[in-house]
Amino acid sequence: MSKLKPFKISMPPEDLVRFRNAQADAKRLVNSMLSEPRFSEIYRDGSTFFAKFATKFDDLVPPKRALKVKRLFKKIKEIDPQAFTELKALRTILGCLAEDQFNLILQNYRDFLSDLSAHKHTIEEGRAHLYINIIRVLDVEVGHHLPPPEPGVKRINAQFIDRIIADQSKLTPLRLWLKTYLYGYIILRHLNDSPLWDQPVDRTIKLKDLFNVKWGMVRTIDRMLSERLSKKDKDGAKPQASDQPAAGEQSEPDEQQNLEQQASAEQPDQGQQSAPAAQPASDEAQA
């Protein structure tokens, strides 16, 4: 079986302990979402979410990026029609990734094509690599839009949500990337149950454990934001936000640099993968 490029855990010992404690709950929660009837609900809602943006490709994706996206999907269609069909609705979302993250997908797919020519990978393995790398970059993209953690604070709390809501310019793109991760991870895991998701990144941690815990964290933030904004709406003070993702190529240099600084405390370099230590949400709320 082929292997992905190395994923390395980079967490302080105390965070690693918290992460290990969250593993079992995160696994249970994600597995429940992958099973019926929960998956059918997520797939329905996720398909509606992605289809909404799929129709806005020309409006939301800048011409230079749009050309790269179209070339990528043309190649995917030639090599793997199944992957093309399953990923087509994500074209706009991928086109709105930050430059570094989109280029990582491009480079990884070029590497796969080279390995395919050398008979190092099968089409099915290449598909798994592609789906995992999409989740990998979505993980980092979410981190780019989150406020930096406060010193000594390890859990998601009301003050953290207050800080998110206070920055109106980043609220809408953050909520969209949260939803993208919530739907994208469950759907792609369900569509592609490859052994590659089980690759170890530590003696007791698998690759999907990293994504499971991140999924639980994202779900908690999304739920808390929804509850807080709903309350503000009832009070007549709901923040106003436009309904579209922010294209990475359109970011101003200073803003992009600021986003990267915000993510640095939680996100790894491209050659690494860190995992948040936040506890995943309980299984009472809908995804």
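Given the structure is predicted, the values throughout are model-derived calculations rather than measurements.

Caption draft 1: Region of the structure containing the overall build of the protein chain. Along the protein chain, the regular secondary structure elements total 12 helices and 0 strands. Ordered by position in the sequence, the α and β elements of the protein chain form the string α-α-α-α-α-α-α-α-α-α-α-α. When the 287 residues of the protein chain are sorted by exposure, 49% land in the buried category. Considering only contacts within the protein chain whose residues lie at least 6 apart along the sequence, 84% involve residues at least 24 apart. As displayed, the protein chain offers around 13800 Å² of accessible surface, 50% of which is attributable to carbon and sulfur atoms.

Caption draft 2: Structural detail: the packing of aromatic side chains. Scanning the model with the defined rule gives 11 aromatic pairs in all. When the centroid spacing of 5.2 Å and the interplanar angle of 70° are considered together, the rings of F49 and F53 count as edge-to-face. Taken together, the residues span about one helical turn, with F49 and F53 both in helix α2 (residues 38-54) at a distance of 4 residues. Each member of the pair F49 and F53 is classed as buried. Both rings, one in F50 and one in Y183, keep their centres 6.5 Å apart while their planes meet at 75°; by these two values the pair is edge-to-face. Note that F50 is positioned in helix α2 and Y183 in helix α10 (residues 168-191), a separation of 133 residues in sequence. Take F50 and Y183: they sit in the same class, and that class is buried. Grouped by ring-pair contacts, the aromatic residues F49, F50, F53 and Y183 constitute a single cluster. Across from the ring centre of F57, 4.2 Å away, lies the NZ or CZ of R91, which sits over that ring. Sitting over the face of the ring of W197, R189 holds its NZ or CZ atom 5.7 Å from the ring centroid.

Caption draft 3: Representation of the confidence of the model for the protein chain. Put simply, the protein chain has an average pLDDT of 80, and 75% of its residues get 70 or more. Segment residues 238-287: pLDDT under 50, and 136 contacts once partners within four positions in sequence are set aside and those in other chains are kept.

Caption draft 4: Just the nonpolar core, in detail. Counting residues in hydrophobic clusters, the biggest one holds 75 residues, and the most contacted among them are I164, Y181, Y185, I186, W215, I221 and L225. Top contributing element to this core by residue count: α10, with 12 residues. What Y181 contacts, discounting residues up to four positions off in sequence, is I135, L138, D139, V142, F211, K214, W215 and V218.

Caption draft 5: Expanded view of the environment of H129. Looking at where H129 falls in the secondary structure, it is placed in helix α8 (residues 123-144). Note on H129: relative accessible area 10%, which makes it buried. Distance from H129 to L196, taken between C-alpha atoms, is 7.7 Å for residues 67 residues apart in sequence.

Caption draft 6: The environment of K27, seen in detail. Here K27 lies in helix α1 (residues 13-34). You can call K27 partly exposed: its relative accessible area is 46%. For K27 and K208, which are 181 residues apart along the polypeptide, the C-alpha to C-alpha distance reads 8.7 Å.

Caption draft 7: Summary view of the packing of helix α7 (residues 99-117) against α8. With their axes 9 Å apart at the nearest point, α7 and α8 run at an angle of 165° to one another. The orientation of α7 relative to α8 falls into the category roughly antiparallel. For α7 against α8, the interelement crossing comes out right-handed. In contact with Q101, L104, I105, N108, Y109, F112 and L116 of α7, α8 contributes I123, G126, L130, N133, I134, V137, V140, E141 and H144. Split by residue class, the contact of α7 with α8 holds 10 nonpolar, 5 polar and 1 charged.

Parameters at a glance
Residues numbered from 1 in each chain as written. Predicted model: local features only at pLDDT ≥ 70, side-chain atom pairs only at ≥ 80, totals over all residues. Heavy atoms only, no water. Helix = DSSP H or I, 4+ residues; strand = E, 2+ residues; numbered from the N terminus. Buried < 20%, exposed > 50% of the residue type's maximum accessible area, 1.4 Å probe, protein only. Contact = heavy atoms within 4.5 Å. Areas by Shrake-Rupley, 256 points an atom, 1.4 Å probe, with all protein chains shown as cover. Phe/Tyr/Trp six-rings, centres within 6.5 Å; stacked < 30°, edge-to-face > 60°. Lys NZ or Arg CZ within 6 Å of the ring centre and 35° of its normal. pLDDT = per-residue confidence, 0-100. Core = buried A, V, L, I, M, F, W, Y, C linked by side-chain atoms within 4.5 Å. Axes fitted to C-alpha atoms, helices over the stretch in contact; angles between N-to-C directions. Parallel < 35°, antiparallel > 145°, perpendicular 65-115°, else oblique. Left-handed = near helix turned anticlockwise from the far one by under 90°. Nonpolar A, V, L, I, M, F, W, Y, C, P; charged D, E, K, R; others polar.

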